[in-house]
Amino acid sequence: LAKQRGRNNVQFYTADLQARMSRLMELENALRTAIEHNELCLYYQPQWALVGQRLTGFEVLLRWQHPTLGSISPAEFIPVAESSGQIAQIGHWVLKQGLAQLARWRHKGLDTLLAINLSAVQFRSTDLAEQIAELLESYQIPPECLELELTEGTAMEDPAQARLQLSSLRQLGVRLAIDDFGTGFSSLAQLRHFPVDTLKIDRSFVQDIDHDQGSADMVRSIIQMAHNLGISTLAEGVETARQLQLLQQLECEAIQGFLWGQPLDCASAETLLASKNSAAILP
Ligand code: C2E
Ligand code: MG
Ligand code: MG
Ligand code: MG
């Protein structure tokens, strides 16, 4: 019986592995034509300064709607694009579309900041700064209106190299943010040498601050450490008024989260941006 069960487990395991492999291949194939078939689009999640409840900008979030596979999360397809090499093209597309949208808003007198995610592979590419300089130039975007986000994990893969890349991006005048902070293993010593403007505190800590002392302590020390280094903080994934209140007490500068705004399509983001007093829209 045990033998029988063991064999079944192996079969289950194999079937599961095969299913996952074929899903990966299916996604990789479908991704090849996603751009030309217009299946990708950008959403914009509002970012707010806590002082004055002011809209400061939007994080650009990539969306993929496939005709038969349905909507696929970036958390699933970005890693696929990274391992297949397609991320170079997709990452460039995101930068280009984001900056083109920002240029259209600026032409209407709507000024804002866009925060754009960089994948690990994109961050390592040697012509990244050049690509960004060209895009800023062709859309006539002031560099301080663009913030580039890289995750703490990406920064820590090779801290010395990351420092160099961050410095060359910084020289362009763009803003820099470390995303998902708290999930990696950066030391204070390393962080000191990163020329970044913002630490984005990972949602996993933010979600627990109202009921778990450990998470609250963690968030408090991240904010203090950032402030000692002259870096500002943004809390990700704020969903409740209680979380917001605690973050305010801890003197976190900014938030992003479902409480004050889901990722919006382009038209809704524009409406928010155009409303004279966007804070009045808050619940
Ligand atoms: P991220 O950069 O940390 O983005 C924040 C994620 O948290 C987004 O998920 C957003 O929709 C979600 N979120 C925001 N507020 C809340 C909240 O209050 N509650 C909850 N539960 N979730 C919230 P999304 O859009 O599914 O993106 C997932 C990840 O995919 C992103 O995490 C980022 O790492 C990656 N990603 C998205 N767009 C791009 C892109 O254009 N390029 C690259 N390289 N990665 C991207
Ligand atoms: Mg991000
Ligand atoms: Mg994040
Ligand atoms: Mg994340």
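Everything below is about the structure printed above this text.
Okay, so let's go over this structure. (Residues numbered from 1 in each chain as written. Chains lettered and ligands numbered in written order. Predicted model: local features only at pLDDT ≥ 70, side-chain atom pairs only at ≥ 80, totals over all residues. Heavy atoms only, no water.)

1. A word on the coordination of the magnesium ion (ligand 2)
Argument step 1. Every protein donor of the magnesium ion (ligand 2) is listed here as Glu59 (OE), Asn117 (OD1), Glu149 (OE) and Asp179 (OD), and their distances to the metal cover 2.0 to 2.2 Å.
Argument step 2. Between consecutive donor residues of the magnesium ion (ligand 2), the sequence gaps follow E-x57-N-x31-E-x29-D.
Argument step 3. Here the magnesium ion (ligand 3) and the magnesium ion (ligand 2) are spaced 4.0 Å from one another, each receiving a donor from aspartate 179. With glutamate 59 in strand β2 (residues 54–66) and aspartate 179 in strand β6 (residues 175–181), this residue pair connects regions lying 120 residues apart in the sequence. (Donors = N, O, S within 2.8 Å, 3.2 Å for Na, K, Ca; no water. Helix = DSSP H or I, 4+ residues; strand = E, 2+ residues; numbered from the N terminus.)

2. Describing the layout of surface pockets
Argument step 1. The calculated volume of the largest pocket comes to roughly 1,200 Å³.
Argument step 2. Lining the largest pocket are 44 residues, with Glu59, Leu61, Pro74, Ala75 and Asn117 sitting closest to its centre.
Argument step 3. The greatest single-element share of the lining of the largest pocket, amounting to 7 residues, is contributed by β2.
Argument step 4. Classifying every residue of the lining of the largest pocket by side-chain character gives 19 nonpolar, 13 polar and 12 charged. (1 Å grid on protein atoms, 1.4 Å probe; cavity = no way out; pocket = protein on both sides within 12 Å on 5 of 7 lines; lining within 4 Å. Points joined across faces, edges and corners; volume = space filled by probe spheres on them. Nonpolar A, V, L, I, M, F, W, Y, C, P; charged D, E, K, R; others polar.)

3. Topic: the site of ligand 1
Argument step 1. Taken together, 23 residues sit near ligand 1, with Arg63, Asn117, Asp179, Glu239 and Phe258 positioned nearest.
Argument step 2. Contact between ligand 1 and arginine 203: a nitrogen atom at 3.1 Å from a side-chain N or O atom of the residue.
Argument step 3. The side chain of glutamate 239 places a nitrogen or oxygen atom 2.5 Å from a nitrogen atom of ligand 1.
Argument step 4. Against a free-state accessible area of 800 Å², the protein chains account for coverage of 83% of ligand 1.
Argument step 5. Among the cavities detected, the one that contains ligand 1 is the largest pocket.
Argument step 6. Every element with two or more residues in the shell around ligand 1 is listed here: β2, α2 (74–84) and β6.
Argument step 7. A total of 4 residues in the shell around ligand 1 trace back to one element, the largest contributor, which is β2.
Argument step 8. Split into classes, the residues belonging to the shell around ligand 1 amount to 10 nonpolar, 5 polar and 8 charged. (Near = heavy atom within 4 Å. Polar contact = N/O pair within 3.5 Å; in protein donor to acceptor, adjacent residues only side chain to side chain. Areas by Shrake-Rupley, 256 points an atom, 1.4 Å probe, with all protein chains shown as cover. Sits in = over half its atoms within 2 Å of the grid points.)

4. Description of the pairing of strand β5 (residues 146–151)
Argument step 1. Counting buried positions along β5 yields 5 of 6 residues, so the element is predominantly enclosed.
Argument step 2. Bridge analysis of strand β4 (residues 113–117) against β5 gives 4 bridges, and the strand direction is parallel. Pairing of isoleucine 116 across the sheet is with leucine 148, part of β5. (Buried < 20%, exposed > 50% of the residue type's maximum accessible area, 1.4 Å probe, protein only. Pairing = 2+ DSSP bridges.)

5. Description of the coordination of the magnesium ion (ligand 3)
Argument step 1. Those donors, Asp179 (OD), Asp180 (OD), Glu236 (OE) and Glu236 (OE), are the protein atoms that reach the magnesium ion (ligand 3), and they lie 2.0 to 2.5 Å from it.
Argument step 2. Spacing between the donor residues of the magnesium ion (ligand 3) along the chain follows D-D-x55-E.
Argument step 3. Given a relative accessible area of 25%, aspartate 180 falls into the partly exposed group.

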